[in-house]
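# Observations on the three-dimensional arrangement
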Amino acid sequence: LLALFGVPRELLPEIRASSEPVAEARLLAPGVPIAGIAGDQQAALFGHACFRAGQTKATYGTGSFVLSHSGRDGGRAPPGLVRTAAARAAGQPPQYALEGSIFATGAALQWLRDGLGLLGDASESEELARCLDSNGGVHFVPALAGLGAPHWAPDARGLIAGLTGGTTRAHLVRAALEAAAYQTRDVLDALPRPPETLRADGGATANAFLMQFQADLLGIPVEVSAERELTAIGAAALAGLAVGVWRDTDELAAAWRSGAVYTPRLERAEADRLQADWRRALGRALVP
């Protein structure tokens, strides 16, 4: 194909592993190797020490991003998900992951704060959610910019369902937090097999209500990383592995630390009922 279009092969970059020296930086000091290169979510997956098929992480930020390592399986992704390359060390065969991008999780709280003035700060959301015994039947579908995985509905619009005269700002805030967990379960339910645990990072992992609710919905432990910015940790791990700071991925896996572990408390039937209620509200947002 290159010859057909007259493109000299030497003009194209070499294909290199995510973890190997590719250049040297000379801005601050001579001879500093550039040895770790990966996209945000691929770096976070590596930073979570998710090196084996089935190991899964979720990053909770303005949006949320779920990646599940799929080993050497580079085949067609299941409906609603995309196949992506996973970061790998030099000498390893190609590695892959399944990815689901959720457009609005933390963004829903930002909208309640900035758009409606219901929050002074996102950190208030946990206390407000905990002051209620339940969501009171209120669901918030935060399709503020359409819906991402596993629905991929760019024309969907957000809605709040289940309002009554007794609905308060606490119900809306709780509904926004719950929506992050519901959307994450929707993505995990699209995986070929459920993970044994979910590793989590990102700013919203500081919200203990959200993390516990996520574990309750999934029925598996949620392990929150001791470090919240796993993209940076993953890039450092890739570079360190390349230059010999760590011997192998087993040593990196042993170095991973959790800051908190949330185990499920809800009965599975109750968790499934809550998810079904969410999906009924979601269905209204998906109506053309």
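So, a few notes on the structure that sits alongside this text. Think of each chain on its own: its residues are numbered from 1, step by step along the sequence as written. Owing to the predicted nature of the model, reporting of local features is limited to residues with pLDDT of at least 70; listing and counting of side-chain atom pairs is limited to 80 or more, with chain, interface and lining totals taken over all residues. Side-chain metrics in this entry use all non-hydrogen atoms of the structure; hydrogen atoms and water are not considered.

## Observations regarding the environment of G71
Along the polypeptide, G71 turns up in strand β4 (residues 64-71). Judged by relative accessible area, which is 12%, G71 ranks as buried. The contact criterion used is simple: two residues touch if any of their non-hydrogen atoms lie within 4.5 Å. Apart from the residues lying within four places of it in its own chain, the contact partners of G71 are A53, P94, Q95 and Y96. Going along the chain from the N terminus, every DSSP run of H or I of four or more residues is numbered as a helix, and every run of E of two or more is numbered as a strand. Three exposure classes are used, based on accessible area relative to the maximum for each residue type with a 1.4 Å probe and protein chains only: buried under 20%, partly exposed in between, and exposed over 50%.

## Some thoughts on the pattern of salt bridges
A pair is scored as a salt bridge if a Lys or Arg side-chain nitrogen falls within 4 Å of a carboxyl oxygen belonging to Asp or Glu. Across all of its chains, the model carries 15 salt bridges by this definition. A salt bridge links E20 to R16, with the shortest nitrogen-to-oxygen separation between them at 3.3 Å. Judged by relative accessible area, which is 36%, R16 ranks as partly exposed. Residue R279 pairs with D189 through a salt bridge whose shortest N-O separation is 2.7 Å. You can see R279 sitting in helix α8 (residues 268-286) and its partner D189 sitting in helix α4 (residues 169-189), a full 90 residues away along the chain. When its relative accessible area of 34% is taken as the criterion, R279 is described as partly exposed. D189 gets classed as partly exposed once you look at its relative accessible area, which sits at 42%. Because the salt bridges share partners, they merge into one network encompassing R185, D186, D189, R268, D272 and R279.

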